[in-house]
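# Topology and contacts: notes
What follows is the residue order along each chain.
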Amino acid sequence: MRTLAMHISNGIIDGPVAAVFAAFALAALTLCVLRGRRDLDDRLAPMAGLVAAFIFAVQMLNFPIFTAGVSGHLLGGALAAMLVGPWVGALCVAVVLVVQALVFGDGGVAMLGLNITNMALLGTAAAYLLIAVLLRVLPRTRAGLAVTAFVSALVSVVVASQGFVLEYWLGGTTDLGGNLAGLAGTMAGVHLLIGIGEGLITATTVLTVAKVRPDLVYALRARRPVAPAAAVPVAGGVR
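Residues numbered from 1 in each chain as written. Predicted model: local features only at pLDDT ≥ 70, side-chain atom pairs only at ≥ 80, totals over all residues. Heavy atoms only, no water.

### Some details on helix α2 (residues 44-59)
Between its terminal C-alpha atoms α2 stretches 22 Å, which fits the 22 Å expected from 16 residues at 1.5 Å a residue. Those residues of α2 that sit buried are L44, M47, A48, V51, A52, I55, V58 and Q59. For α2, the angular spread of buried residues about the axis comes to 140°, placing them on one side. If you follow the buried residues of α2, they end up packed against α1 (15-39), α3 (77-84), α4 (86-104) and α7 (180-212). (Helix = DSSP H or I, 4+ residues; strand = E, 2+ residues; numbered from the N terminus. Expected span 1.5 Å × (residues − 1). Buried < 20%, exposed > 50% of the residue type's maximum accessible area, 1.4 Å probe, protein only. Arc of directions from axis to C-beta. Contact = heavy atoms within 4.5 Å.)

### Overview of the nonpolar core
One finds V51, I55, L83, V84, I116 and L121 to be the most contacted residues of the largest nonpolar core, which totals 50 residues. Only α1, α2, α3, α4, α5 (112-137), α6 (142-171) and α7 provide two or more residues apiece to this core. Among the elements that make up this core, the one with the highest residue count is α4 (eight residues). If sequence neighbours within four positions are ignored, V84 has contacts with L44, M47, A48, V51, G89, C92 and Y218. Listed in part, the 14 residues of the second largest apolar core include I13, V17, M111 and M187. (Core = buried A, V, L, I, M, F, W, Y, C linked by side-chain atoms within 4.5 Å.)

### Considering the pattern of salt bridges
The full count for this structure, using the stated rule, is two salt bridges. Across the pair R43 and D215 runs a salt bridge, and its minimum N-O distance is 3.9 Å. Of this pair, R43 sits in the loop between α1 and α2 while D215 sits in the segment after α7, placing them 172 residues apart in sequence. By relative accessible area, which is 26% here, D215 ends up partly exposed. As a salt-bridge pair, R213 and D215 come within 2.8 Å of each other at their nearest N and O atoms. You can call R213 partly exposed: its relative accessible area is 38%. Connected through shared salt-bridge partners, R43, R213 and D215 make up one network. (Salt bridge = Lys/Arg side-chain N within 4 Å of Asp/Glu carboxyl O.)

Below, the structure written as structure tokens:
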């Protein structure tokens, strides 16, 4: 059960590896702050607060994965990427993870760098890359937006789980007896099921926002070239 948790507890990964990923997470979040400031405007700033609050609230609600004997909850990377973009989205998820670790003890404080790397950075990045691709090939309809949200959320959860596998390979405190592939398969299988739940929540939320205020969905803000105005014929000096 402990090795299946996305919120890594203290002692699961050794100190040196945790320190390396803490430094990596800090550097990546600094970049997110610098790049995210370019995106912030009157719409995005309050939306970022709402997204962080929503992710925090929904993460408190677990849904059971009966076939795996565990439960899962929203990670939020894909949802944040779609609504506020990858840079601000990663910051929103990171803030939620910090509050959960410090206030609720969900994930070890010493493991914050690992948890932020997996869920805030890897998950959000994987989701946004898929979003950028899918929105180019799928029609910009409600169905296309729903498929984009669902697929990106599902994949982001699985990618985040494999980040844990890499970290455990580098510094896991329990010997797996060379069965790293078994751990990777188990994590992928469990989080594939969790990803289905995440995909449904993400698609429902994004569609709801897009129906009411499509201008608040970051992923839909792609600028389209404006067609030039048609020339007006001139006759006798009069338009």
